[in-house]
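Each chain is listed here by its residues.
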Amino acid sequence: MNASSIPWNALLEGLIVLAALGLILYRQLQWREVARMQRLGGILSVVGAVMVLQQLRQSQIDPVTLGYLVLTAVFAVGAGLVMGLVSTVRTGADGSLEMRGGWWGLALWIAYIAVRVGMSLAVVALSGSQSSRTTGLILLSVGLARLVSSAVATHRPRSAENLTIVHAATRS
């Protein structure tokens, strides 16, 4: 095997995906600013969408691939919703909104990755299409999940501010 036969682009894309996922898993246990999570989710979504569109221009879209794209987007939004609901939210020392997924968030991300891999393998088995394994689609789905989870986290504290807090000593 010589150096010219090594699929360098695929290796580089795989390393980028592994680095992004590793960072996300690590960060589930740490407090992070919601605004930064929204920026990261936006960047990943845009980069992923551009990569997916480039790939779709180069190949025909069969019904299985189209269904997979839609299912991936729906799954990412649903996973982001659940991740946003199980996360813990607080106001940081500087007044910014912070969140962390904790162990539940970490477990959900691991489950999310496992389901995504399973979906990808199913598409390859059903259609032989390799489009389900693209880096762009992975980045797009992870970005969507991040955007939705941070949007849910942003909404939760605003809802809690409108509640009247009744202390135990004042209840009759």
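Residues numbered from 1 in each chain as written. Predicted model: local features only at pLDDT ≥ 70, side-chain atom pairs only at ≥ 80, totals over all residues. Heavy atoms only, no water.

1. Examining the overall build of the protein chain
The number of helices and strands found in the protein chain is five helices and three strands. Taken from the N to the C terminus, the helices and strands of the protein chain come in the order α-β-α-α-β-β-α-α. Relative to its full complement of 172 residues, the protein chain shows a buried share of 34%. If you sum the accessible surface of the protein chain, you get close to 10400 Å²; carbon and sulfur atoms cover 67% of it. (Helix = DSSP H or I, 4+ residues; strand = E, 2+ residues; numbered from the N terminus. Buried < 20%, exposed > 50% of the residue type's maximum accessible area, 1.4 Å probe, protein only. Areas by Shrake-Rupley, 256 points an atom, 1.4 Å probe, with all protein chains shown as cover.)

2. Concerning the side chain of Arg-116
Its place among the elements puts Arg-116 in helix H4 (residues 102-127). In terms of polar contacts, Arg-116 uses its side chain to reach the side chain of Tyr-68, at 2.2 Å. (Polar contact = N/O pair within 3.5 Å; in protein donor to acceptor, adjacent residues only side chain to side chain.)

3. Here's the deal with the nonpolar core
Counting residues in hydrophobic clusters, the biggest one holds 12 residues: Val-17, Leu-21, Ile-24, Leu-44, Ala-76, Ala-79, Met-83, Trp-109, Tyr-112, Leu-139, Val-142 and Ala-145. Of all the secondary-structure elements, those providing two or more residues to this core are helix H1 (8-27), helix H3 (63-86), H4 and helix H5 (135-161). Residue contacts for Val-142: discarding those within four places in its chain leaves Leu-21, Ile-24, Leu-44, Trp-109 and Tyr-112. Within the second largest apolar cluster, seven residues are counted, among which are Leu-56, Tyr-68, Leu-69 and Met-119. (Core = buried A, V, L, I, M, F, W, Y, C linked by side-chain atoms within 4.5 Å. Contact = heavy atoms within 4.5 Å.)

4. Description of the packing of H1 against H4
Packing of H1 against H4 brings their axes to within 9 Å, and their N-to-C directions diverge by 155 degrees. One way to sum up the angle between H1 and H4 is to call them roughly antiparallel. Crossing hand, H1 versus H4: right-handed. Between H1 and H4, the contacting residues are Leu-21, Ile-24 and Leu-25 on the first element and Leu-106, Trp-109, Ile-110 and Ile-113 on the second. Per-class residue counts for the contact of H1 with H4 are seven nonpolar, no polar and no charged. (Axes fitted to C-alpha atoms, helices over the stretch in contact; angles between N-to-C directions. Parallel < 35°, antiparallel > 145°, perpendicular 65-115°, else oblique. Left-handed = near helix turned anticlockwise from the far one by under 90°. Nonpolar A, V, L, I, M, F, W, Y, C, P; charged D, E, K, R; others polar.)

5. Description of the pairing of strand S3 (residues 97-100)
Alignment of strand S1 (residues 32-33) against S3, held across two bridges, turns out to be antiparallel. Residue pairing for S3: Arg-32 is matched across the bridge by Met-99. Strand direction decides the pairing type here: strand S2 (residues 88-91) and S3, joined by four bridges, are antiparallel. The residue of S3 that forms the bridge with Arg-90 is Glu-98. Connecting S2 to the next strand, S3, in antiparallel fashion are five residues, including Gly-95 with a positive phi near 90 degrees. (Pairing = 2+ DSSP bridges.)

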